[in-house]
Amino acid sequence: MSDGASIYAMSHDTVKISTKRFALSPWSPAYLTDDILMGIYSRRFYALGATHDPVADYWHLRRGVALFDVPEHPIEIAGPDALTLFSRVFCRDVSNLREGRATYAIACNHQGGILMDGVLMKIAEDRFWYVLADGEFLPWLEAHAGGLDVAITDPESWVLQIQGPKALDVMPAILDTMPEAPFTYFSVHRTTIDGHPFLISRTGWTGELGFELYPLSPDFDGPKLFNLILGRGAEHSMVFASLECMGVRRIEAAIMDNGTDMDSSMTPFDAGLGRFVDLDSDADFIGKAALRSAPREPRFFGMVASGITPIAGSLVYHEDRQVGVVTAGAWSPYLESGIAFVRFRQAEDWVGREVTVNTPDGPPSGATIVALPFYDHEKRIPRGLSNEIP
């Protein structure tokens, strides 16, 4: 979720909200108060900050289990020509994606710039859901589906995430039926909660062990079902948390945000995501020609600043010249330092270099450039391969 999103103080009882352009989560009446700060992402409101202590929420996420109402927006692509459409718009070959599995996929424009990223889930034969990040993508898909036997629709699903080392322990209490084994990282299964159909996926936006819940039908009482899920997780001390602590964790885990950390001015190579580009495939996807001649070196790295909390827009200097800008920053309770993403003007061997960061409201401070992610480089935590709980 965008750390630079517009923020509003909002209460469902005292503030009238226009949902003509921005939609409100069906879960939100269960938790909205006058003190909650709301952001906008993918044309949806979300709980960015709450009255909770964000540091306490962070440690609950790292050590226990937390429930999040998130604004990512799934769209459905169905029909016999779905894979043909994907071969046009995605930079990687997804033709071997099996039913019940998900994968990360990037779409580029004709210049090779990143247009959209998200998780593609195969939920049935010739039926897929693509979970969008922030930005416009539906018109792009529709424009490039001309002549194909494919239907692109909005299932109006509102995602909940259950994340943390105890997340899988909560599943038997919440779900009417458990997913078929093995429920491995990036698996997708159907289930029900209190009789309501859901998709469940072993994915998330925190770098922690966890799963996501996608209602398959909009016909449910949001507050009632939200409280039922939260109540069923109470035996494992599950709490509802705002996305403030998730924002810290996603930076630690190097989960980038489209439109904030990366955009159409960057290629996947610039963003360090070249492994998700299949230049050797037979598909003539949009942007392929441009990416063939694009530089391969990344210009996106992490930064550790022990004395400050960097914020988006902070300028980064090296040897008295401005070389980059912070796209997102936070204080990491685990690392006990400020951390940030830095987008550099040029691709160089930045790792290990000492830089100076200028924040808008403080004096210049020294910092060090590091490789991403800040820890857990092999994603052992979300895969359930690491039992270390800080």
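Going by the structure above, here's the rest.
This is a predicted model, so every value here is computed, not measured.

### Some points on the side chain of Glu 208
- When you line up the elements, Glu 208 lands in the loop between strand S12 (196–201) and strand S13 (210–215).
- Classification of Glu 208 as buried rests on a relative accessible area of 5%.
- A polar contact of 2.7 Å, which involves the side chain of Glu 208, links it to the side chain of Arg 249.

### Examining the nonpolar core
- Judged by nonpolar contacts, the single largest core of 79 residues is most densely connected at Phe 68, Ile 77, Leu 85, Phe 90, Met 121 and Tyr 130.
- In this view, Phe 90 contacts Ala 105, Ile 106, Ala 107, Leu 120, Tyr 130, Phe 137 and Phe 285; residues no more than four positions away in its chain are not counted.
- Core analysis: the second largest hydrophobic core is formed by 30 residues, Ala 167, Leu 175, Ile 193 and Ile 200 among them.

### Description of the packing of aromatic side chains
- Scanning the entire structure with this criterion turns up 18 aromatic pairs.
- Seen from their ring centres, Tyr 31 and Phe 240 are 4.4 Å apart, and the 25° between their planes marks the pair as stacked. Taken as a pair, Tyr 31 in the loop between strand S1 (7–9) and strand S2 (37–41) and Phe 240 in strand S14 (residues 239–240) lie far apart in primary sequence, 209 residues in all.
- Tyr 31 gets classed as buried once you look at its relative accessible area, which sits at 9%.
- Given the relative accessible area of 11%, Phe 240 is considered buried.

### Considering the pattern of salt bridges
- In this structure the tally under the stated criterion is 12 salt bridges.
- Bridged by salt links that share partners, the residues Arg 62, Glu 208, Arg 249 and Glu 252 form one connected network.

### Considerations on empty space enclosed by the protein
- For the structure on display, the rule yields 1 cavity of 30 Å³ or more.
- Estimated volume of the largest cavity: approximately 70 Å³.

### Describing the pairing of S13
- Of all 6 residues that make up S13, 6 are buried, and the element is covered over most of its length.
- Across the two faces of S13 the burial is the same, with Gly 210, Glu 212 and Tyr 214 and Phe 211, Leu 213 and Pro 215 all buried.
- The sheet contact formed by strand S10 (residues 160–163) and S13 spans 4 bridges and is antiparallel. Across the sheet, Leu 160 pairs through a bridge with Leu 213, a residue of S13.
- Two elements, S12 and S13, share 4 bridges in a ladder whose sense is antiparallel. Paired with Phe 198 across the bridge in S13 is Pro 215.

Reading the values: rules and limits
For every chain, the first residue of the written sequence is number 1, and numbering continues from 1 onward in sequence order. Per-residue local features are limited, in this predicted model, to residues with pLDDT of at least 70; the limit for side-chain atom pairs, both in listing and counting, is 80 or more; totals at the level of whole chains, interfaces and linings are taken over all residues. Note that water and hydrogens are dropped before the side-chain values are worked out from all heavy atoms of the structure. Put simply, DSSP H or I for four residues or longer makes a helix, DSSP E for two residues or longer makes a strand, and each gets a number counted from the N terminus. For each residue, the accessible area found with a 1.4 Å probe, counting protein chains only, is set against the maximum for its type, and the residue is called buried under 20%, exposed over 50%, and partly exposed in between. Definition of a polar contact: a pair of N or O atoms within 3.5 Å, with one able to donate and the other able to accept a hydrogen when the atoms are protein atoms, and with sequence-neighbouring residues admitted only if both atoms are side-chain atoms. Here, nonpolar core refers to any group of buried Ala, Val, Leu, Ile, Met, Phe, Trp, Tyr and Cys residues whose side-chain atoms link them within 4.5 Å. What makes two residues a contact is simply this: any of their non-hydrogen atoms within 4.5 Å. Paired rings are identified among Phe, Tyr and Trp, the last through its six-membered ring, by centres lying within 6.5 Å, and are further divided according to the angle between planes into stacked (under 30 degrees), edge-to-face (over 60) and tilted (the rest). The rule for a salt bridge is simple: a side-chain nitrogen of Lys or Arg has to be within 4 Å of a carboxyl oxygen of Asp or Glu. In this analysis a 1.4 Å probe is tested at points of a 1 Å grid over the protein atoms alone, and where it fits but cannot get out there is a cavity; an open set with protein on both sides within 12 Å along at least five of seven lines is a pocket; lining residues have an atom within 4 Å of a point. Grid points are joined across faces, edges and corners, and a volume is the space filled by probe spheres set on the points. Two strands qualify as a pair provided that DSSP identifies no fewer than 2 bridges between them.

None of the figures reported here should be taken as evidence of function without further support.
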